Every structure is written in structure tokens, then in C-alpha cells.
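# Commentary on secondary and tertiary structure
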Amino acid sequence: MRLANMNLNLLVSLAALLDQRSVTRAAQQLGLSQPSLSASLSQLRRHFGDELLTRVGNEYRLTPLAEQLKPWVRLALDDAERVFSARLAFDAKETTREFSVILSDYACVVLGNPVAELLGREAPNARLRLVHSTTQAVDQAEQTLLTADLMVVPHGFVTDLPHADVLTDTWVVVASADNPDVGDTLTVEQLEALPWVATYHGLTSSTSAARQMRILGIEPRVQVVTESFLAVPDLVAGTRRIALLQERLVRRLPADAGIRALPCPFGVGPLVDAMWWHPVHHGDAEHVFFRGLVLRAAEQVRGEPGGPPRITGP
């Protein structure tokens, strides 16, 4: 269908309707009368051959097609806004764009502030949104990245999308500082005998170290599952549980965290986090600027002082 035959104002109405799920609230958002927006909804229903909004009890719900359209509509509006606000030269100090990054709480702790500091200096009118990653977001990375600028996730979970490496880290085993079963080192037999705190533990979600452990035939006895790396120290301290954590995160723990770190007793490769983005953003000047900024922030993190993981607790 030719765009010349389309009323593109309907795109704005559609975005408000999908967002608000109410003709009344959508009309208020756009500053239009309710009859005017009802007429737009009628045109949209005829165009798509779908109700888009259906009444269920006292509320309206999106149809499956409307749910499918929602990220595409937002992407189309964002692209249209960039088209009509484009200038010959991109000036970071003038942009008011909100840049969004989907990442784990580990990556947020390690990378979040360096990115925020650089962005605040170089693009003071821009905003940074850090969104906690979920298994669903990673499994549907291509669709997720239509409405987010970047996703920071290790290799092995996303394929066939542009990416650049940002963080490299070492996996360590953490145990309670007063765990009587753990000495200065751990054996493979202890890994299988002691209870575990596992992160992202499922058929399609895991850490690279946990995957490597299973490849080697080491099956941990998982007692607690969490999707937060920051929750692990509290779930380990004062217990017999052990867990895998990133060395950079262990270094940032407070002195009274009550855990200590030990080297992995099995061959495990480094953790390599990459930032991934959708090809539709590849040539966008603001996106190119932001990707470069994230890479420079990552260089700062990689240049931090090293040293062995800190032993904390009594």
C-alpha cells in the first residue's frame, strides 16, 4: 500500500490507543475530543480488519494483532520524530533523546554509572534508562531491540545481530566466610555435594559458567534460584550454600558482606558481555554516538585496578 494514500495521523492515534487502552484516556492524552478519536479507531479497525480494542468486563484489552503492532508503532513514531527533527550535523549537547539499555543487575552495577557520567557530560539534555533484563527479553532479542537501544548480555544467548564486546570478567565461587565445609580451595566433589544458589536457572536460561560446569558433567544441587546477581551474597552468607559470581561484582561488595571468593575448581572460560542492537538503528547518528559512548565507558571499567577477589567477613 502506498503511503501517499494513508492518513499518517492515524499512527499517532493508534499509538495512544494501544498505550492507554481507552478511547477516553487516549483522547485526553492527545488533546482531542472523544468522538474524534472514536472516528479514528473506526478507520483503524476497517484498515486492519481487526477490533484492536475489545471490551472485557469493565475494561478494554488489546487483541493479539494490537499486541503485535504495539512495538512496531512505537518504533515508527520514534523514527518519524527523528526524521523531522534531523539536522545536518548531530550535536550531542542538544539531543533530548532517552537512551535505553537492557542489562542484568551485575552489568548495571559495573557499567551503569560510567555510562551515566559520560552521557551527563557529553549530552546533558539526554536521559539514560537502565532496564532489568528478563529471560523473555533475551529470548526475543530481535523484537525487544526494536524498542530499546542496546542489550548487554553475554555471548551465546543472542545471534545474528550487530554487537560489540564491552566487559570481560572472571567467574569465582563464593561461600559464606564461616562455612565450615569450605577451606582455602574447593573440589569438584564439593561442588556436587554442597547446596547452590543459582542465577537464571532454566532450560533456556543460565550463566556461561553454569553451562560449562554441566558440559563437564558437574551437576550442582540447586537449592535456591534467583534472577538477581546482587541477591546472591545475602543468600550465601551464613549458610552452607555456594554460588558463582563475577569477580568485578565481588570486589564491589561491602566489607561486612560475610562471603569469600575462591577460584573455580574446573576449567571455565571468561565471561564476555557484549552490547547488541537492532540493524534498524545501525546508521542512526544518535545511536552511533551512544554506542561509542558505551564503549568508552567500558574502557574505563576495564582499566580499573585489578587484584584478587576480596575475602570478606570474619
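Read on for a plain summary of the structure. (Residues numbered from 1 in each chain as written. Predicted model: local features only at pLDDT ≥ 70, side-chain atom pairs only at ≥ 80, totals over all residues. Heavy atoms only, no water.)

### A look at the packing of aromatic side chains
Keep this limit in mind: Centre distance within 6.5 Å is the pairing criterion for rings of Phe, Tyr and Trp, where only the six-membered ring of Trp is used; planes under 30 degrees apart are then read as stacked, over 60 as edge-to-face, and the remainder as tilted. Each helix is a run of H or I in the DSSP string that is no shorter than four residues. Each strand is a run of E no shorter than two, and both are numbered from the N terminus. When accessible area is computed with a 1.4 Å probe and restricted to protein chains, residues below 20% of their type maximum are described as buried, those above 50% as exposed, and intermediate ones as partly exposed.
In this structure the tally under the stated criterion is four aromatic pairs. For the pair F99 and F289, a centre-to-centre distance of 6.4 Å together with 55° between the ring planes defines the contact as tilted. Taken as a pair, F99 in strand β3 (residues 98-103) and F289 in helix α12 (residues 285-302) lie far apart in primary sequence, 190 residues in all. Take F99 and F289: they sit in the same class, and that class is buried. When the centroid spacing of 5.7 Å and the interplanar angle of 45° are considered together, the rings of Y200 and F229 count as tilted. Highlighted residues: Y200 in the loop between β8 (195-199) and α9 (208-215) and F229 in the loop between β9 (221-226) and α10 (232-236), separated in sequence by 29 residues. We classify Y200 as buried; its relative accessible area is 10%. Note on F229: relative accessible area 6%, which makes it buried. Three or more aromatic residues link up through ring pairs in this structure, and these residues are F99, F289 and F290.

### Here's the deal with the nonpolar core
The following threshold applies: Only buried Ala, Val, Leu, Ile, Met, Phe, Trp, Tyr and Cys residues count toward a nonpolar core, and they belong to the same one when joined by side-chain atoms within 4.5 Å. Throughout, a contact is declared for two residues whenever any of their heavy atoms are within 4.5 Å.
Counting residues in each nonpolar core, the largest one holds 60 residues, and the members touching the most others are V174 and F290. Other than its neighbours up to four places away in sequence, F290 contacts F99, V101, V115, L119, L128, D149 and L150. Counting 19 residues, the second largest nonpolar core, distinct from the first, contains L10, A16, L17 and L18.

### Notes on empty space enclosed by the protein
Stated precisely, the cut-off is as follows: Grid points spaced at 1 Å over the protein atoms alone were grouped into cavities, where a 1.4 Å probe fits but cannot get out, and pockets, open sets with protein on both sides within 12 Å along at least five of seven lines, with lining residues defined by an atom within 4 Å of a point. Grid points are joined across faces, edges and corners, and a volume is the space filled by probe spheres set on the points. Only Asp, Glu, Lys and Arg are considered charged in this grouping, and only Ala, Val, Leu, Ile, Met, Phe, Trp, Tyr, Cys and Pro are considered nonpolar; every other residue, Gly among them, is considered polar.
Across all of its chains, the model carries three cavities of 30 Å³ or more by this definition. Of the volumes computed, that of the largest cavity is approximately 290 Å³. The wall of the largest cavity is formed by 22 residues, among which V153, P154, F157, Y200 and S206 lie closest to the centre. Secondary structure elements with two or more residues in the lining of the largest cavity: α6 (135-139), β5 (150-154) and β12 (271-276). Considering only residue class, the lining of the largest cavity consists of 10 nonpolar, 10 polar and two charged. Top element by residues in the lining of the second largest cavity is β8. It accounts for four residues. Classifying every residue of the lining of the second largest cavity gives 10 nonpolar, four polar and one charged.

### Describing the sheet that holds β12
For clarity, the threshold we go by: Strands were regarded as paired on the criterion that DSSP finds at least two bridges between them. Interaxial angles span 0 to 180 degrees and are taken between N-to-C directions of axes, which are lines fitted to C-alpha atoms, for helices over the stretch in contact.
One open sheet holds the five strands; their spatial order is β4-β3-β5-β12-β6, and the pairing between them is mixed. Bordering the open sheet on either side are β4 (127-132) and β6 (163-169), each of which pairs with just one other strand. The average undirected angle you get between the axes of adjacent strands in this sheet is 20°. Pairing analysis gives four bridges linking β5 to β12, with the strands arranged antiparallel. Each residue of the ladder has a partner; that of V153, found in β12, is A274. Its contacts with the sheet place helix α5 (residues 105-122) against β3, β4, β5, β6 and β12, and it is angled at close to 175° to β4.

### Describing the layout of surface pockets
By volume, the second largest pocket is sized at about 380 Å³. Lining the second largest pocket are 13 residues, with K70, P71, R74, Q143 and T147 positioned closest to its centre. For the lining of the second largest pocket, the secondary-structure elements that each account for two or more residues are α1 (9-20), α4 (64-84), α6 and α7 (141-144). Residue contributions to the lining of the second largest pocket peak at four residues, all from α4.

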